[in-house]
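Here is how the chains run, residue by residue.
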Amino acid sequence: MIQNSSAISKTVARRLVLRGLVQGLGVRPAISRLANELELAGRVGNTIDGVEIVVEGMPERVEQFRVHLRDALPREAHVVDAIEEALPDG
């Protein structure tokens, strides 16, 4: 089904990798809760580098996710580095 382009909401996607003490502390569930609260799609998982997050949604909600991410993490978590990149529009 093809929709009128004016009816399609513009979404953005971002990939973030958090490095540091971010595994085994409830980081992934905390990230999932924040994404759900903001009605964002995506995924979160552990990698060799740390925790990889992909979020997609309305630009203002993705920005809110970015702003509130560190505060949403468990206190025990310690992010020493965060890498972010825009993903192509899908």
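Residues numbered from 1 in each chain as written. Predicted model: local features only at pLDDT ≥ 70, side-chain atom pairs only at ≥ 80, totals over all residues. Heavy atoms only, no water.

Asker: Can you explain the pairing of strand β3 (residues 50-57)? Please cite residues and give values.
Answerer: Walk down a regular strand and you will see the side chains alternate between the two sheet faces. Within β3, 6 of the 8 residues are buried, which leaves it mostly tucked inside the rest of the structure. The pairing of strand β1 (residues 12-21) with β3 spans 7 bridges and is antiparallel. Bridge pairing in β3 links A13 to E56. Here strand β2 (residues 41-47) pairs with β3 via 7 bridges, running antiparallel. Residue pairing for β3: R43 is matched across the bridge by V54. (Buried < 20%, exposed > 50% of the residue type's maximum accessible area, 1.4 Å probe, protein only. Helix = DSSP H or I, 4+ residues; strand = E, 2+ residues; numbered from the N terminus. Pairing = 2+ DSSP bridges.)

Asker: For unusual backbone geometry, give the residues involved together with the corresponding values.
Answerer: The phi dihedral of E39 falls on the positive side, at around 55°, and the residue is not glycine. With respect to the helices and strands, the residue E39 is situated in the loop between α1 (27-37) and β2. Accessibility expressed as a relative area gives 63% for E39, which makes it exposed.

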